[in-house]
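Descriptive analysis of the structure
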Amino acid sequence: MSSINEGESKGGNSKRLTLWLKKETDMQRAGMNEKSPLLRYRLDSQDHSVEVPDNDGNHEVHGAGSTRHLTTFFGVFVPCVLSMFSVILFLRVGYAIGESGLLQSLGMFALGYFIVLLTVLSICAISTNGAIEGGGAYFMISRALGPEFGGSIGVMFFIANVFSSALYCIGFVEAIMDNFGIGGALLVDRQSGLPIDLWWPFLYSSIVLFFCLSVCLIGAGMFARTSFLIFLVVMATLVTVIVSFFTKPAGDMPIPHNNPIHNVTSNASYTGFKWTTLQSNLYEDNIPDYTTGKDVNFLVVFAVLFNGCTGIMAGANMSGELKNPGRSIPRGTLGACLFTGLIYALVAFLVSATCSRELLQNSYGFLQQINIFPPGVVVGILVVSLSAALTTLIGASRVLQAIAKDAVFGVILLPVHKGITKDGNPIVAVLVSWFLVQLVLLMGSLNTIAPLVTIFFLLSYTATNLACMAMHVASAPNFRPSFTYFSWHTSLLGIVCCLVMMFLINPLWASISIVVFILLFIIISFRISESDWGYITQALIFHQVRKYLLRLDVRKDHVKFWRPQMLLLVANPRSCCELIRFVNDMKKSGLYILGHVKRGVLDEGYSDPVQKEYPAWIVLVEKLKVKAFTELTLAPTIREGAQHLMRISGLGGMKPNTIILGFYDSCPSKDSFDKCKVTNNHGNIYGTEDSGIEEERGDPLNAFEPVRQFNSPNRLSIEEYVMIISDSIRLRKNVCLMRYFSKFDRDAIAASKTPAFINVWPINFFKPETSGYLDTACIFLLQLACVLHMVRVWKKHTLLRVFLCNGADDDSSISKHRREKMEKFLNELRIKATIIMVSNSNIQPFAVMKDDMGASSDHGHAQLVYSQVSDTYIQEVNTMIKNYSKNTAVNFCYLPLPPTDSTQQADYMRHLDALTFDLPPTVLVHGIQEVTCTAL
């Protein structure tokens, strides 16, 4: 029998105590679970260190003695300020005002800062909700949303940093060429200078990038010291710029040599503070960009200016080197946003009030021309560009290292993960990032790369907002960030703003980036099956399912929307994989539960034996590719455990309405794991390490008991088996008994070019006088067969046949009339089937058939219950069914109710055995529910 099984309790108290003590020792040694993401905090420790397990199960200590050494100012504020200023402050503020005017430019800054501020709120919330390790934004998103989202967005964020680093290198070189190239502004002899044609700009950019590489290879400490030095230079330059607006006398300014109109007389002047100058610069006046020759509009200018707001992740990228990332990231990032926003607004106003429109449109480097110390602005441009290039290069390497460490893409990035110095500097990740930036440098123009950088950063910000909103909406109790100035509304608004701006800036690249993200998401989803980070999708599904289950009111059920909801009671899955797959087809998008009873009592051990087996069942469901839940229970008897499962399986309005059992017999079982391809090449049902099954559970093939051998005693008595059927009826469940499904081969049916048959026998052979009636059980039997035939594979490769029986005394008119009645009935139920009339005068009981086809009455409970018939009669019925079973995939037959007299239970099972003996896979069905409706 492949229905319900048990596990015998073994060993005495001494053995159980020994196992319990060993378990306790293992738990203490492992800290409950070496792979657990929980923190371990030593209350009796003097250094107050916190141990955080990494992905390899090793514990990384944060706190005293840790390699984390960067503070809020050096680790977050300074990198964010330098990244947000970058080349935009000194080279593109005048460009924006010259093209769009002061009002639009301030509006662009306000819009850009509004978008990034919404994202900053999400970053602050996520970063204050737990321990932050290396990887910055990637780490936060991946741990919040799971590996699929995290890995995909991590790659996109890595690409954004790569493009951004190239952007700042090109900005650095642009400043060099404008001042020291042929005709440069700082040269005494304008005819000499650095060559600027052909591949020279690429060479200069490569040299700058190599310097950044050298700093990054030394490590984060050198990066912090370099960044602070650059910060001081930038602040000094900024002071000279602001002072110059008040001290520089008015006068004409030269046009850059690379501007096509530089040899034409043009009134490009610095006017000093004048009301007329401010008025002339208030509104837009678009002309083609002299560096690219392309037309300019609001979106083009915004795409360039937005790069002045995209440095908000610079501090988060250094999370692995911050002493207290949960505190430093919010404070440093918000402080940097406030500081840079005020500076941008101030500089924009000063430029608008002192510089003519012609100067702003035709000389992007005008600030050095009006500065009291012109080389100072050049130095400022160079160092801020260099700093931004450094920040994004080291940020890209940290993100790449985090992705490699998590093995999101398997062995592809394994060398990146291994190439780490003793102080934690990812050498290989830095080299890979440098190489990719080197390739991007081939694109050349700053204004060409800037929109791409904007697109990638906007996509990263979208994911960050999505992570925060998802965790907030999921209402997980462990999402309680100390930063509370956010809500799901701000995150949603951030998502909408980012997506809208992406498509407004460049629809093509926005679409490409999203497509790339989706492809990465799909690849990672197929590659990673389990992760100890947690999946936000699971939290969201739980939240929504709970809400809709509460709304699923059983009082509103209607027969029109009835569907089979199956509970398959499984003894040993080794012997019934074919049956599990078959029931999966028969459920028709309904609830499907695999139930298993383990015999025993809970107080015999110190842990629940059922829970140890549960993971193996989960993996089995995955391997068989069936859409089923599993329910396991422990009970003193199989019958009592089956009652547990019938009563409590499911939830709310989703409860099983049909109980399925394997047939009771003494035939030896066959191991179906190999046939159904459950095992892999190593004979392991768990397949990969990602299955989540821990190795200490032993050989996976031992997770389930061996199949029953020949002459092995059945562990369930006939009486108990029959009483389980009776219990199902008492609990108002439909019942199906399944026999010979070890012969079932779904793959062979799908591959066959000759259609097989689904045979339906809606006749109670144990009450032949009722064979002219279609009672509730008959209609349920027809419905199940129809549901199976609706599945795509079965519909394509099988034909549905319904059999009616005539007695010896029936003439042709009665037979014709009965056939017509059945055809009408099937048409009303929209069941497409071929009706076959069977006439066999040797089976005498059929001579008493009535002409009441289609009656809906059950004719009383007595008409449904098994009644004694002769062995000869049952054998003749079996022969008749067998004669029509050639090329039959499955037979559906009527199952009478068990006898109320316990002395007849053995005869009941003996006759069911004789009825189905040596047939193809057969389903004995008894339905007690109304399942069909002819109304619209």
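Relevant structure appears above.
Residues numbered from 1 in each chain as written. Predicted model: local features only at pLDDT ≥ 70, side-chain atom pairs only at ≥ 80, totals over all residues. Heavy atoms only, no water.

**Overview of the overall build of the protein**
As a reminder of what qualifies: The secondary structure listing takes helices from DSSP runs of H or I that are at least 4 residues long and strands from runs of E that are at least 2 residues long, numbered from the N terminus. Burial classes: relative accessible area under 20% of the type maximum marks a residue as buried, over 50% as exposed, and values in between as partly exposed (1.4 Å probe, protein chains only). Whether two residues touch is decided by their heavy atoms; if any such pair falls within 4.5 Å, the residues are in contact. Residue-level accessible areas treat just the shown protein chains as cover; the underlying method is Shrake-Rupley with a 1.4 Å probe.
When helices and strands are counted, the protein shows 30 helices and 15 strands. Counting all 936 residues of the protein, 55% fall into the buried class. Partitioning the contacts of the protein with sequence separation of at least 6, the portion at a separation of at least 24 is 83%. Accessible area of the protein: about 40,800 Å², with a carbon and sulfur share of 60%.

**What to know about unusual backbone geometry**
Despite not being glycine, Tyr 740 shows a phi value in the positive range, around 65 degrees. Inspection of the secondary structure puts Tyr 740 in the loop between β10 (734-739) and α25 (746-751). When its relative accessible area of 15% is taken as the criterion, Tyr 740 is described as buried. With phi around 60 degrees, Asp 918 is a residue other than glycine that occupies positive phi space. Looking at where Asp 918 falls in the secondary structure, it is placed in the loop between α30 (905-916) and β15 (922-926).

**Description of the sheet that holds β10**
Threshold: Any two strands with at least two DSSP bridges between them are considered paired. With axes taken as lines fitted to C-alpha atoms, and helix axes fitted only over the stretch in contact, angles between N-to-C directions fall between 0 and 180 degrees.
In spatial order, the strands read β8-β7-β6-β9-β10-β15-β14-β11-β12-β13; together these 10 strands make up an open sheet with mixed pairing. Two strands bound the open sheet, and with one partner strand each, they are β8 (629-635) and β13 (834-839). Neighbour-to-neighbour, the strand axes of this sheet turn through a mean angle of 25 degrees, independent of strand direction. Pairing of strand β6 (residues 566-569) with strand β7 (residues 592-599), which is carried by four bridges, proceeds in the parallel orientation.

**Side note on the pairing of strand β14 (residues 888-894)**
Our working rule: For crossovers, right-handed means that the path from the first strand over the helix to the second runs clockwise, given strands pointing away from the viewer.
Within β14, seven of the seven residues are buried, which leaves the element mostly enclosed by the surrounding structure. Here five bridges tie strand β11 (residues 756-761) to β14, and the two strands are oriented parallel to one another. Bridge pairing in β14 links Phe 757 to Thr 888. Taken together, the four bridges between β14 and β15 define a ladder with parallel strand orientation. Each residue of the ladder has a partner; that of Cys 893, found in β15, is Leu 924. Regarding the hand of the β-α-β motif, the stretch spanning β14, α30 and β15 is right-handed.

**Considerations on the packing of aromatic side chains**
As a reminder, the rule being used: By convention, a stacked pair of Phe, Tyr or Trp rings (six-membered ring in the case of Trp) has centres within 6.5 Å and planes under 30 degrees apart, an edge-to-face pair has planes over 60 apart, and any other such pair is tilted. Note on criteria: charge over ring means Lys NZ or Arg CZ within 6 Å of the ring centre, with the direction from the centre no more than 35 degrees off the ring normal.
All told, the structure shown has 34 aromatic pairs when counted by the stated rule. Arranged with centres 5.6 Å apart and planes meeting at 20 degrees, the rings of Phe 73 and Phe 77 form a pair that is stacked. Taken as a pair, Phe 73 and Phe 77 lie in helix α2 (residues 72-85) at a separation of four residues, close to a single helical turn. Residue classification places Phe 73 among the partly exposed positions, given a relative accessible area of 34%. A relative accessible area of 16% places Phe 77 in the buried class. Against the face of Tyr 95 rests Arg 92, its NZ or CZ located 5.9 Å from the ring centre. Its guanidinium or amino end placed over the ring of Phe 757, Arg 801 lies 3.8 Å from that ring's centre, counting from NZ or CZ.

**Section: the pattern of salt bridges**
The criterion, for reference: Note on definitions: salt bridges are taken to be side-chain nitrogens of Lys or Arg within 4 Å of carboxyl oxygens of Asp or Glu.
Throughout the structure, instances matching the rule amount to 13 salt bridges. The salt bridge partner of Arg 574 is Asp 671, with a shortest N-O separation of 3.0 Å. One end of the pair, Arg 574, is in the loop between β6 and α21 (577-586); the other, Asp 671, is in the loop between β9 (658-662) and α24 (718-730), with 97 residues separating them in the sequence. Judged by its relative accessible area of 8%, Arg 574 falls in the buried class. For Arg 730, the salt bridge goes to Asp 727, with nearest N and O atoms at 3.1 Å. Placement of both Arg 730 and Asp 727 in helix α24 is noted, with a separation of three residues, approximately one turn of the helix. Relative accessible area serves as the criterion here: at 55%, Arg 730 is assigned to the exposed category. Among the ionic contacts, a cluster of salt bridges with common partners joins Arg 639, Asp 727 and Arg 730.

**A word on a nonpolar patch on the surface**
Just so we agree on the cut-off: Patch membership requires over 30% relative accessible area and the absence of a salt bridge. Like charges are linked within 9 Å, and nonpolar side chains (Val, Leu, Ile, Met, Phe, Trp, Tyr) within 5 Å.
A grouping of Val 473, Trp 488, Leu 492, Val 496, Val 500 and Leu 504 is seen on the molecular surface, where their side chains present a nonpolar patch of about 440 Å² in accessible area. With five residues, helix α18 (residues 488-505) is the single largest residue contributor to the nonpolar patch. By the element assignment, Val 496 lies in helix α18. The class for Val 496 is partly exposed, based on a relative accessible area of 42%.

**Examining the nonpolar core**
What counts here: Here, nonpolar core means buried Ala, Val, Leu, Ile, Met, Phe, Trp, Tyr and Cys residues that are tied together by side-chain atoms lying within 4.5 Å of each other.
Judged by nonpolar contacts, the single largest core of 164 residues is most densely connected at Phe 85, Phe 90, Val 234, Ile 312 and Leu 367. In terms of residue count, the dominant contributor to this core is helix α6 (residues 147-180) (19 residues). What Phe 90 contacts, discounting residues up to four positions off in sequence, is Val 234, Thr 237, Val 241, Tyr 364, Leu 367, Val 377, Gly 380, Ile 381 and Val 384. Residues Leu 579, Val 621, Leu 624 and Leu 632 belong to the second largest nonpolar core, which totals 66 residues.

**Topic: the environment of Lys 560**
Here Lys 560 shows up in the loop between α20 (536-551) and β6. For Lys 560, a relative accessible area of 37% corresponds to the partly exposed category. Along the sequence, Lys 560 and Thr 932 sit 372 residues apart, while their C-alpha atoms lie 6.7 Å from each other.

**Concerning helix α16 (residues 427-440)**
Cut-off, in case you're wondering: Working rule for helices: expected span equals 1.5 Å times residues minus one.
Here α16 is 14 residues long and its end C-alpha atoms lie 20 Å apart, about the 20 Å a rise of 1.5 Å per residue gives. Buried within α16 we find Ala 429, Val 430, Ser 433, Val 437, Gln 438 and Val 440.

**Structural notes on the pairing of β15**
Within a regular strand, side chains alternate between the sheet's two faces. Summarising burial for β15: five of the five residues are buried, a large majority. Neither face of β15 is exposed, since Thr 922, Leu 924 and His 926 on one face and Val 923 and Val 925 on the opposite face are all buried. Alignment of β10 against β15, held across five bridges, turns out to be antiparallel. In the strand pairing of β15, Met 738 is matched with Val 923.

**Things to note about the side chain of Asn 891**
How we decide: The term polar contact refers here to a pair of N or O atoms within 3.5 Å; inside protein, the definition further demands a hydrogen-donor-capable atom paired with an acceptor-capable atom, and it admits residues adjacent in sequence only when both atoms are side-chain atoms.
Its place among the elements puts Asn 891 in strand β14. A relative accessible area of 0% means that Asn 891 is categorised as buried. There is a polar contact of 3.3 Å between the side chain of Asn 891 and the side chain of Ser 885. Setting aside residues no more than four positions away along its own chain, Asn 891 makes contact with Asn 759, Trp 761, Ile 881, Ser 885, Leu 919, Pro 920, Pro 921, Thr 922 and Val 923.

**Comments concerning the environment of Tyr 344**
As for its placement among the helices and strands, Tyr 344 is situated in helix α11 (residues 325-354). Sequence spacing of Tyr 344 and Gly 308 is 36 residues, and the spatial spacing of their C-alpha atoms is 9.0 Å. Setting aside residues no more than four positions away along its own chain, Tyr 344 makes contact with Met 84, Phe 85, Ile 88, Leu 89, Val 93, Phe 109, Tyr 113 and Gly 308. Of note is the side chain of Tyr 344, whose polar atom sits 3.4 Å from the backbone oxygen of Phe 85.

**Let's talk about a positive patch on the surface**
Cut-off, in case you're wondering: Charged residues are defined narrowly, with Lys and Arg counted positive, Asp and Glu counted negative, and His plus the chain ends left uncounted. Charge positions are represented by NZ for Lys, CZ for Arg, CG for Asp and CD for Glu.
A contiguous patch of positive charge on the surface is contributed by Arg 546, Lys 547, Arg 551 and Lys 556. Residue placement: Arg 546 occurs in helix α20.

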